[in-house]
Amino acid sequence: MENVDALSSFVAENLVFYGMQVIGAVAILIVGWLASKWAGRRVITMSESSGKIDETVGPLLGKITRIAVLAVTVLAVLGQFGVETASLIAVLGTIGLAIGLALQGTLSNIASGMMLLSLRPFSTGDAVEIGGTSGVVDEIGLFVTRMHSFDNKEITVPNSRIWGSEIINMTGRDTRRCDLEIGIGYDDDIDKAMRIIGEVLAGEERVLDEPEPLIAVGALGDNAVVLRVRPWTRTPDLWPLRYDLIKAFKQRFDAEGISFPYPQRDVHLFREGE
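Here the structure is a predicted model, which is why all the values come from computation and not from measurement. (Residues numbered from 1 in each chain as written. Predicted model: local features only at pLDDT ≥ 70, side-chain atom pairs only at ≥ 80, totals over all residues. Heavy atoms only, no water.)

Participant: Help me understand the overall build of the protein chain, please; the structure alone is not making it clear to me.
Facilitator: The helix and strand tally for the protein chain stands at 7 helices and 10 strands. The proportion of buried residues among the 274 residues of the protein chain is 24%. Restricting to contacts in the protein chain with at least 6 residues of sequence separation, those with at least 24 account for 63%. Accessible surface for the protein chain amounts to roughly 18300 Å². Of this, 59% is attributable to carbon and sulfur atoms. (Helix = DSSP H or I, 4+ residues; strand = E, 2+ residues; numbered from the N terminus. Buried < 20%, exposed > 50% of the residue type's maximum accessible area, 1.4 Å probe, protein only. Contact = heavy atoms within 4.5 Å. Areas by Shrake-Rupley, 256 points an atom, 1.4 Å probe, with all protein chains shown as cover.)

Structural data, given as structure tokens:
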């Protein structure tokens, strides 16, 4: 009977002891889970309201914050059961190192993605040229950046390749220079042609007054005198302006008698014996 009483007392004490530990662990899990969700949402809200952080960075920072809070929660739960968290962290670190060595390429993409998201050489919607590939950015992810070409082909580029290449952002500035070369005949009046070009530019409201457009003789070609025309415009107007100017120059030159020379070649024929 004494043994039964001792066993009952032992079981009761351990049930209370471990029951409290389990209850504490469950409470920590619940609090940690709720705290991770709150912290993640809070980080996303702060990043969106700051106006200085790219829209693609906010959700990423929110996920990282949530994972970090959950990791601390798991360590706290293990500590509640008497697990040595210091040795566990060391083991996890060793495992993480081994995984990192096995996934160098993937981790390189992640690191490059973090650099792209933090330094922001381009944003979603920008037209870019990266290592000879041109397109419009649709999404900047942790592993890859998704774009579509100007003729709407889907392009997926690993972030490590982007970060290791020259990045040209074609829409990163508010204004762009429109470079045109117009060829006229050697018999045409250069000053008249330049005056006509100036009138066309002055009548085009998309051409900016500052910086002042450049109109100059650029080269004496094999078949034409090449005039360089370089007006400035707002970046969204660049290509529409270019197409309209080429049409306007052609129409005005035709009306004013300025010629666009064709490539010519003089061929001399000699009869045998002459």
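Participant: When you look at the sheet that holds strand β7 (residues 180-184) in this model, what are you seeing that I'm missing?
Facilitator: What holds strands together in a sheet is hydrogen bonding between their backbones, with the strands either parallel or antiparallel. Here we have 3 strands laid out as an open sheet, ordered β7-β9-β8, and antiparallel in their pairing. This sheet does not close on itself; its edge strands, each paired only once, are β7 and β8 (214-220). Averaged over all adjacent pairs, the angle separating strand axes in this sheet is 30°, with direction ignored. (Pairing = 2+ DSSP bridges. Axes fitted to C-alpha atoms, helices over the stretch in contact; angles between N-to-C directions.)

Participant: Honestly, the pairing of strand β4 (residues 154-158) in this entry has me stumped. Any pointers?
Facilitator: Sheet faces and side chains relate simply in a regular strand, where the side chains alternate between the two faces. A one-sided burial pattern is seen for β4, the buried positions being I155 and V157 and the unburied ones E154, T156 and P158. Pairing analysis gives 5 bridges linking strand β3 (residues 144-148) to β4, with the strands arranged antiparallel. Paired with T145 across the two strands is V157, which belongs to β4. In sequence, β3 turns back onto β4 through a hairpin of 5 residues, with N152 there showing a positive phi of about 70°.

Participant: Looking at this model, I keep getting lost on the pattern of salt bridges. Mind explaining?
Facilitator: In a structure, side chains of opposite charge can pair up when their charged atoms sit close to one another. Scanning the entire structure with this criterion turns up 13 salt bridges. Salt-bridge contacts for E199 lead to R195; the nearest nitrogen and oxygen are separated by 3.0 Å. Linking E199 with R195, this pair stays in helix α6 (residues 190-202), spanning 4 residues, or about one helical turn. The class of E199 is partly exposed, set by a relative accessible area of 36%. One salt bridge in this structure joins K250 and D254, with 2.4 Å as the shortest N-O distance. (Salt bridge = Lys/Arg side-chain N within 4 Å of Asp/Glu carboxyl O.)

Participant: Please explain the sheet that holds β4 as it appears in this structure.
Facilitator: Sheet architecture is open: 5 strands sit in the order β4-β3-β2-β1-β5, paired in antiparallel fashion. Both edges of this open sheet fall to β4 and β5 (167-169), since each of them pairs with a single strand only. Direction aside, the axes of adjacent strands within the sheet are offset by 40° on average. The pairing of strand β1 (residues 127-130) with strand β2 (residues 133-140) spans 4 bridges and is antiparallel. Residue V128 lies in a different strand from β2, and its bridge partner there is G135.

Participant: Please clarify how the layout of surface pockets should be interpreted in this entry.
Facilitator: The volume enclosed by the second largest pocket comes to roughly 170 Å³. In terms of lining residues, the second largest pocket is bounded by A127, V136, F150, M170, T171, R176, T235, P236, L238 and W239. Here the lining of the second largest pocket is built from residues that sort into 7 nonpolar, 2 polar and 1 charged. (1 Å grid on protein atoms, 1.4 Å probe; cavity = no way out; pocket = protein on both sides within 12 Å on 5 of 7 lines; lining within 4 Å. Points joined across faces, edges and corners; volume = space filled by probe spheres on them. Nonpolar A, V, L, I, M, F, W, Y, C, P; charged D, E, K, R; others polar.)

Participant: I tried to follow the packing of aromatic side chains on my own but got confused; where do I start?
Facilitator: The geometry of an aromatic ring pair is captured by the separation of the ring centres together with the interplanar angle, meaning the angle of the planes. Here the structure, examined in full by the defined rule, presents 2 aromatic pairs. Ring centres of W239 and Y243 lie 6.0 Å apart, and the angle between their planes is 40°; this geometry places the pair in the tilted category. In this pair, W239 and Y243 are both assigned in helix α7 (residues 238-256), 4 residues apart and thus about one turn of the helix distant. Residue class for W239 comes out partly exposed when judged on its relative accessible area of 49%. Judged by relative accessible area, which is 52%, Y243 ranks as exposed. (Phe/Tyr/Trp six-rings, centres within 6.5 Å; stacked < 30°, edge-to-face > 60°.)

Participant: Any chance you could explain the confidence of the model for the protein chain here in plain terms?
Facilitator: It should be kept in mind that the predicted coordinates are not to be read in detail where pLDDT is low. Confidence along the protein chain averages 80 in pLDDT terms, with 76% of residues attaining 70 or more. Within the protein chain, helix α3 (residues 85-102) has the poorest average pLDDT of any element, 59, and strand β10 (residues 232-234) the best, 96. (pLDDT = per-residue confidence, 0-100.)

Participant: What is the right way to look at the pairing of strand β9 (residues 225-230) in this model?
Facilitator: The pairing of β7 with β9 spans 5 bridges and is antiparallel. Residue pairing across strands places I184 opposite V225, the latter belonging to β9. Note that β8 and β9 share 6 bridges and pair antiparallel. Along β9, the bridge assignment pairs A219 with V226. Linkage of β8 to β9, two consecutive antiparallel strands, is achieved through a turn of 4 residues.

Participant: Where do I start with a nonpolar patch on the surface in this structure?
Facilitator: The grouping of V22, V26, I30, W33 and L34 at the surface amounts to a nonpolar patch, some 460 Å² of accessible area in total. Note on placement: V22 falls in helix α1 (residues 2-50). Relative accessible area serves as the criterion here: at 42%, V22 is assigned to the partly exposed category. (Patch = residues over 30% accessible without salt bridge, like charges linked within 9 Å, V, L, I, M, F, W, Y side chains within 5 Å.)

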